[in-house]
Amino acid sequence: MSALTVVLALFAALSNAAASVLQRRAAAQDEDRAGARHTVVRSLLRLVRDRYWVGGALLLALTTVLQGAALAVGSLAVVQPLMASELLFTLMVGSLVFHRRPDPRTWLAFVALAVGLALFLGAAAPSAGHDTADSGRWGWAGLALFVVVTALASVGSLVRGAPRAALFGSASAVAFGGTAALLKEVTGRLPQGVGAVLAQWPVYATGVVGVISFLLLQSALRAGTLAASQPALTLGDALTSVALGWALFGEEIALGVRVLPELVGVALIGLGSVGLARAPSVHGAWDTAPAARDGPGPGRRGQERRGQGRRGQGRRET
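Keep in mind the model is a prediction, meaning the values are calculated, not measured.

Asks: Explain the packing of aromatic side chains here, please?
Replies: To describe a pair of aromatic rings, one takes the distance between the centres and the angle between the planes. Scanning the entire structure with this criterion turns up three aromatic pairs. Ring geometry for tryptophan 53 and phenylalanine 214: centres 5.9 Å apart, planes at 75°, overall edge-to-face. Here the residue tryptophan 53 occupies a position in helix H3 (residues 51–73), and phenylalanine 214 occupies one in helix H10 (residues 202–223), the gap between them amounting to 161 residues. In this structure phenylalanine 214 comes out as partly exposed when scored by relative accessible area, which is 21%. Ring geometry for tryptophan 138 versus phenylalanine 249: centroids 6.5 Å apart, planes at 80°, classification edge-to-face. Taken as a pair, tryptophan 138 in helix H7 (residues 135–156) and phenylalanine 249 in helix H11 (residues 226–249) lie far apart in primary sequence, 111 residues in all. Residues tryptophan 138 and phenylalanine 249 agree in their burial class; the two are buried. One aromatic cluster is present, built from ring pairs that chain together Trp138, Trp201 and Phe249. Positioned over the ring face of tyrosine 52 is arginine 25, at 4.7 Å from the centre of the ring.

Asks: I keep staring at the side chain of threonine 63 and nothing clicks. Help me out?
Replies: Residue placement: threonine 63 occurs in helix H3. On the basis of relative accessible area, threonine 63 is assigned to the buried category, the value being 5%. In this structure the side chain of threonine 63 is engaged in a polar contact, spanning 3.1 Å, whose partner is the backbone nitrogen of asparagine 16. Discounting residues that sit within four places of it in the chain, threonine 63 has contacts with Ala12, Ser15 and Asn16.

Asks: Where do I start with the layout of surface pockets in this structure?
Replies: Which parts of space are left empty comes out when a probe the size of a water molecule is rolled across the atoms. Of the volumes computed, that of the largest pocket is approximately 410 Å³. Taken together, 24 residues form the lining of the largest pocket, with Leu60, Thr64, Gln67, Phe176 and Thr179 sitting closest to its centre. At the level of elements, H3, helix H8 (162–189), H10 and H11 are the ones that each hand at least two residues to the lining of the largest pocket. Looking at the lining of the largest pocket, its residues break down into twelve nonpolar, ten polar and two charged.

Rules used in this analysis
- Residues numbered from 1 in each chain as written.
- Predicted model: local features only at pLDDT ≥ 70, side-chain atom pairs only at ≥ 80, totals over all residues.
- Heavy atoms only, no water.
- Phe/Tyr/Trp six-rings, centres within 6.5 Å; stacked < 30°, edge-to-face > 60°.
- Helix = DSSP H or I, 4+ residues; strand = E, 2+ residues; numbered from the N terminus.
- Buried < 20%, exposed > 50% of the residue type's maximum accessible area, 1.4 Å probe, protein only.
- Lys NZ or Arg CZ within 6 Å of the ring centre and 35° of its normal.
- Polar contact = N/O pair within 3.5 Å; in protein donor to acceptor, adjacent residues only side chain to side chain.
- Contact = heavy atoms within 4.5 Å.
- 1 Å grid on protein atoms, 1.4 Å probe; cavity = no way out; pocket = protein on both sides within 12 Å on 5 of 7 lines; lining within 4 Å.
- Points joined across faces, edges and corners; volume = space filled by probe spheres on them.
- Nonpolar A, V, L, I, M, F, W, Y, C, P; charged D, E, K, R; others polar.

Structural data, given as structure tokens:
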């Protein structure tokens, strides 16, 4: 694990967390104005004019560049554990953007999830593996990703609230894990030359899967709070990446004496998940639009009073 890999992965985690917070801010504000019944596509047509959403989109692009650079110098299963710090970055950036701190139980749950995931993947210490995968393995991997993402998104469309956000977050996570694996495949083929890479399928598959991941993320951010969607997004992305690293690139997980810290990491993930399910922030309003969270402001109340006065005057005149 080189210092460059660590720095790039941590900056990618910070950028991704900030992107989620800004786009959640825009989605919550849009939902407050237009209601939750609008489709993702119609919402995007409005959100492209929102400065928070545009800032989040730019940070997502920066995340892709940073993550690609980290994957170029490090293995898939080394970069993804470092990306678990995104959970903590989400709370810190969210506290600044929404001007409100989440409750202590949410902090403890996020810390347990981040530490547990990092401990599990760090103890597993997957080997570096190959730079590229055998082409025959991509067909089976793509089919598995399609089935899992479709199942999660289908079930998510049947529920509402926090479960919907968690399921769409999980679907987005699996798709982003596939995007990271494809991105590693592209970087692994770069020694062949840019022209050769552009003539092959992985670079275009990366773009398609990336767009699908992005749309699923927007659905998750509209469905519920960051406390519901972000853990599923981060955990699912990391675990999917480890599975794809083993299946595609031969990144083997260490066992033996390392099983004990791996089990401790799994236990922390379980405790964090249970604590998060009971945390007020999952069903609360710490990351919603200020108008929806705090009620009508002075300007809106003044407008309402003036409107009521005009209606009263009209009744007196009649």
